[in-house]
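Take a look at the letters that make up each chain.
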Amino acid sequence: MRLEIKHCNNIDSGIIEIAENRLNIKYAINGTGKSTVSKAICNAILDRKNSTNKLLELRPFKAISNDTIQPSVVGTESIASVKVFDESYINEFVFQPDELLKGSFDVFIRCADYDAGIREIEGLVTQIKTLLSEDQEIEDLINDFNELGGSFGKQTKAGIHGASPIAKAFKQGNKVDNIPEGLEIYKDYIQNSNNFKWIKWQLDGSQFLDIADQCPYCVSDIDEKKEAITKISEVYKPREIEKLNKIVAVFQRLDKYFSDATKAIIEDFIKNVDGYTDEQVEYLREVKSQVDRLRARFLQVKDIGFFSLKDVDQLIEHLNNYKIDISLYTHLQSESILEKVGKVNESIQQLLQKAGELQGKVNIQKRLINRLIDTNKTTINGFLCNAGYKYKVDLIEGEGGKHRLKLVHLDIDNEVKDVKACLSYGERNAFALVLFMFDALNVHPDLVVLDDPISSFDKNKKYAMLDMLFKRGSNSLRDKTVLLLSHDFEPVVDMVYHHSGRFQSPLATFMENNCGILEEKEIKKIDIQTFIEVNETNVLNDANNIVSKLVYLRRTYEITNSRGMAYQLLSNVFHKRHQPQMDDVDTDSPRPMTTVEITEGVQEIQQFLPEFDYANIIGLVTDDSRMKVLYEQVSSNYEKLHVYRIFLQNRQDDATQSDVIKKFINQAFHIENDYIYQLNPAMFQTVPQYVIDECDKFFKDQMS
């Protein structure tokens, strides 16, 4: 079945193939026009059967004033009936886990006036919220305080919980700073930042001590080493050492927040030889208590707004309570803390000057909400009464100040909690899809359309649902003509790659919309590749340009964590450095790469790309005119982003790009959110066209 769609929403022209009596999967990124395809087919069938003009609803905005452009669908003549599972079908099942209708708050309370009121209130408290959101040190302080508090584990009446990270790290003393006698020769290893990995290596090898008279590590005489090796396994445990490293690092980061006296005692605690004392434990619990309380105060101020103020009768008194009395935090008397607390208190003081206006806005918002609740309840309950239903609804305030629509039977006071009200959102969708399947089987449509049916499920539920929909037997959609539209790649992997036989070899295609032209390309099993396979394929593809090949090669090194000289050299290429450099492990600052290092990197890269020459590639990436020409020659949207990002490196133009565009560019360059299995982006245009349009515009401006 060949369908031709024209002038429907964002589709100017497109042809799609639907194999009859078979599952047809159409995978596409958001914005391609999947739902438009579904609506166009349905509306065309309705128009033919009922002599209506439903297709006109899909006329593009750009053609509203041009009657010569008419939406059309050709090829549906053999389809007499269609059944669609989409959002409108799901909406027939309105019972939610904790409310009668999903999004009751947005439906009955949230409106333009409500949002305007919230914006006015937020505008009054914006100074203090901006202070906390823009001060990264405060954010880091909150996070570090949280990590320190978590290291104490579960609360106990006295002491530190024995299973807590801090107890496991320090209860026997700090054996990293205080190396036991006889193990001093291992100091460099024990005190290395990766000491826990070295200790694990030691422990793994100690099981072979009795096999022979030679050392299992160096095959020398074992007698003089056996005792030390055994002692390491007795004294050190990898996980405990790793916890110790992390906790010490937290204490070190928090050092600037503690008073001098507290810092000294904490220093003694983390460097103790034989384990902590009861007095140290009590002292540390006191420190933790103050840390937890101060963190809570910062978070309280951070959340200030309508929902935290709406139940306050005495606003000035309440706002004064947001101020932090730092004298109550004896362990946190540092200049850094005093500065942060001072900023918060000053912002609260400035907010107090607006207390009257703020109180007025809060009261106006409360009256608006009450009016909306009364109006909507009266309208709905009037209908229920007139229709003879022994039910009423109530809008009850729930968590976070959001109101939810509840169903109450007239014979009881509490809300109704029967079958549908107990369903979670996912269960509701699953239940709706199950009912849809039986509904479709009952009416025997010529075409079944599933518009993104399982995106809300987790992996296991997705597969279970697919198995149910297309299992062998009479009660399934197997052998029916089914069109499954999805922006989720997982069903393609499951049904085409892993279990094609079980799902009767569905026909899968990738749909792309390029400036209104909808095209599709078949997805075969060979097209579904792992991340590494995609990179390897494109590195070895002679048709690819050298720049993109190098990007794919560097991404391979990233995923395999191979950060050797080849990786370092490629990073220098992408940063356009004529003189390659790398970070010095000792000084943590850049230094020039040596001739030996450069040679090693070049030789490794040439194993994959024999034509690689550092000077030549630097000459290319630093030549704007050649890079502009290369950008024009590249046909893959994904690889256009490779050229684009390198072109922008070290240029002021980069600052003009939005964060959304930068996200796509960076993901094309580095490892971010790629699936284990994916389509080769050099072959399937998975980058949205609007992103490329922005890049095209930039280069056009550069060339003019």
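Structure: see above.
Nothing here was measured: the structure is a model prediction, and the numbers come from that model.

**Topic: the overall build of the protein**
Tallying secondary structure elements over the protein gives 28 helices and 15 strands in all. Put simply, the protein has 704 residues, and 45% of those count as buried. Restricting the contact set of the protein to residue pairs at least 6 apart, pairs at least 24 apart contribute 68%. With the model as given, the accessible surface of the protein reaches about 36,100 Å², and the carbon-plus-sulfur share is 49%.

**Notes on unusual backbone geometry**
Notably, Asn 9 is not glycine yet its phi reads approximately 50 degrees, a positive angle. Within the secondary structure, Asn 9 is located in the loop between β1 (2–8) and β2 (11–17). Residue Asn 9 is classed as partly exposed on the basis of its relative accessible area, which comes to 28%.

**Structural notes on the layout of surface pockets**
In this approach the atoms are scanned with a rolling probe the size of a water molecule, which exposes any empty space left behind. The volume enclosed by the second largest pocket comes to roughly 350 Å³. As for the second largest pocket, its lining consists of 22 residues, and the residues nearest its centre are Asn 513, Asn 514, Pro 688, Gln 689 and Tyr 690. If you list the elements that add at least two residues to the lining of the second largest pocket, you get β10 (507–514), α26 (637–648) and α28 (689–703). A per-class count over the lining of the second largest pocket returns eight nonpolar, ten polar and four charged.

**Section: the packing of aromatic side chains**
With the rule as written, the count across this model stands at ten aromatic pairs. Aromatic side chains Phe 698 and Phe 699 sit 5.9 Å apart centroid to centroid with 90 degrees between the ring planes, which places their arrangement in the edge-to-face category. Given a relative accessible area of 0%, Phe 699 falls into the buried group. Among the aromatic residues, those joined into a ring-pair cluster are Tyr 631, Tyr 644, Phe 647, Phe 698 and Phe 699.

**Quick look at the pairing of strand β3 (residues 23–27)**
Buried residues dominate β3, accounting for five of its five residues. Covered by surrounding structure in β3 are Leu 23, Ile 25 and Tyr 27 together with Asn 24 and Lys 26, the residues of both alternating faces. As paired strands, β3 and strand β9 (residues 482–486) are joined by five bridges and run parallel to one another. Bridged to Tyr 27 within β9 is Ser 486. Where β3 meets β10, four bridges bridge the pair, whose relative direction is parallel. By the bridge assignment, Lys 26 is partnered in β10 with Thr 509.

**Topic: the packing of helix α25 (residues 624–633) against α28**
It is at 11 Å that the axes of α25 and α28 come closest, and there the two elements cross at 140 degrees. Crossing handedness for the pair α25 and α28: left-handed. Touching Lys 628, Val 629, Tyr 631 and Glu 632 of α25 are Ile 692, Cys 695, Asp 696, Phe 699, Gln 702 and Met 703, all from α28. The class makeup of the residues in the contact of α25 with α28 is six nonpolar, one polar and three charged.

**So, the nonpolar core**
Most often, soluble globular proteins have nonpolar side chains that are buried together. Formed by 57 residues in total, the largest nonpolar core has its most connected members in Phe 145, Phe 258, Leu 294, Phe 298, Leu 319, Ile 337 and Leu 358. What Leu 294 contacts, discounting residues up to four positions off in sequence, is Phe 145, Ile 324, Tyr 329, Leu 332, Ile 337 and Val 341. Counting 42 residues, the second largest nonpolar core, distinct from the first, contains Met 565, Tyr 614, Leu 641 and Phe 699.

**Concerning the sheet that holds strand β11 (residues 517–522)**
One open sheet holds the nine strands; their spatial order is β4-β1-β2-β11-β10-β3-β9-β8-β5, and the pairing between them is mixed. Strands with a single pairing partner mark the edges of an open sheet, and in this sheet they are β4 (72–74) and β5 (82–85). Ignoring strand direction, the axes of neighbouring strands in this sheet form an average angle of 20 degrees. Pairing geometry for β5 and strand β8 (residues 447–451), over four bridges, is parallel. The residue bridging Val 82 from the neighbouring strand is Leu 447, located in β8.

**Quick notes on the side chain of Arg 555**
Among the secondary structure elements, Arg 555 is positioned in helix α21 (residues 546–559). By relative accessible area, which is 1% here, Arg 555 ends up buried. Within the structure, Arg 555 has its side chain in polar contact with the side chain of Tyr 638 (distance 3.1 Å).

**A short note on the packing of helix α20 (residues 531–539) against α21**
The description of two packed helices rests on the angle between their axes and on the distance between the axes. Look at α20 against α21: their axes get within 8 Å of each other, and the N-to-C directions meet at 150 degrees. The pairing of α20 with α21 is recorded here as roughly antiparallel in orientation. Crossing handedness for the pair α20 and α21: left-handed. Contact residues: α20 offers Phe 531, Ile 532, Asn 535, Asn 538 and Val 539, while α21 offers Lys 549, Tyr 552, Leu 553, Arg 555, Thr 556 and Ile 559. Of the residues in the contact of α20 with α21, the class split is six nonpolar, three polar and two charged.

**Comments concerning empty space enclosed by the protein**
This model, assessed by the stated rule, comprises four cavities of 30 Å³ or more. There is about 60 Å³ of room inside the largest cavity. Taken together, Arg 22, Leu 23, Phe 470, Leu 477, Arg 478, Asp 479, Lys 480, Val 482, Phe 503 and Gln 504 make up the full set of residues lining the largest cavity. Taken together, the residues of the lining of the largest cavity break down into five nonpolar, one polar and four charged. Size it by volume and the second largest cavity reaches roughly 40 Å³.

Conventions we followed
Residues numbered from 1 in each chain as written. Predicted model: local features only at pLDDT ≥ 70, side-chain atom pairs only at ≥ 80, totals over all residues. Heavy atoms only, no water. Helix = DSSP H or I, 4+ residues; strand = E, 2+ residues; numbered from the N terminus. Buried < 20%, exposed > 50% of the residue type's maximum accessible area, 1.4 Å probe, protein only. Contact = heavy atoms within 4.5 Å. Areas by Shrake-Rupley, 256 points an atom, 1.4 Å probe, with all protein chains shown as cover. 1 Å grid on protein atoms, 1.4 Å probe; cavity = no way out; pocket = protein on both sides within 12 Å on 5 of 7 lines; lining within 4 Å. Points joined across faces, edges and corners; volume = space filled by probe spheres on them. Nonpolar A, V, L, I, M, F, W, Y, C, P; charged D, E, K, R; others polar. Phe/Tyr/Trp six-rings, centres within 6.5 Å; stacked < 30°, edge-to-face > 60°. Pairing = 2+ DSSP bridges. Axes fitted to C-alpha atoms, helices over the stretch in contact; angles between N-to-C directions. Left-handed = near helix turned anticlockwise from the far one by under 90°. Core = buried A, V, L, I, M, F, W, Y, C linked by side-chain atoms within 4.5 Å. Polar contact = N/O pair within 3.5 Å; in protein donor to acceptor, adjacent residues only side chain to side chain. Parallel < 35°, antiparallel > 145°, perpendicular 65-115°, else oblique.

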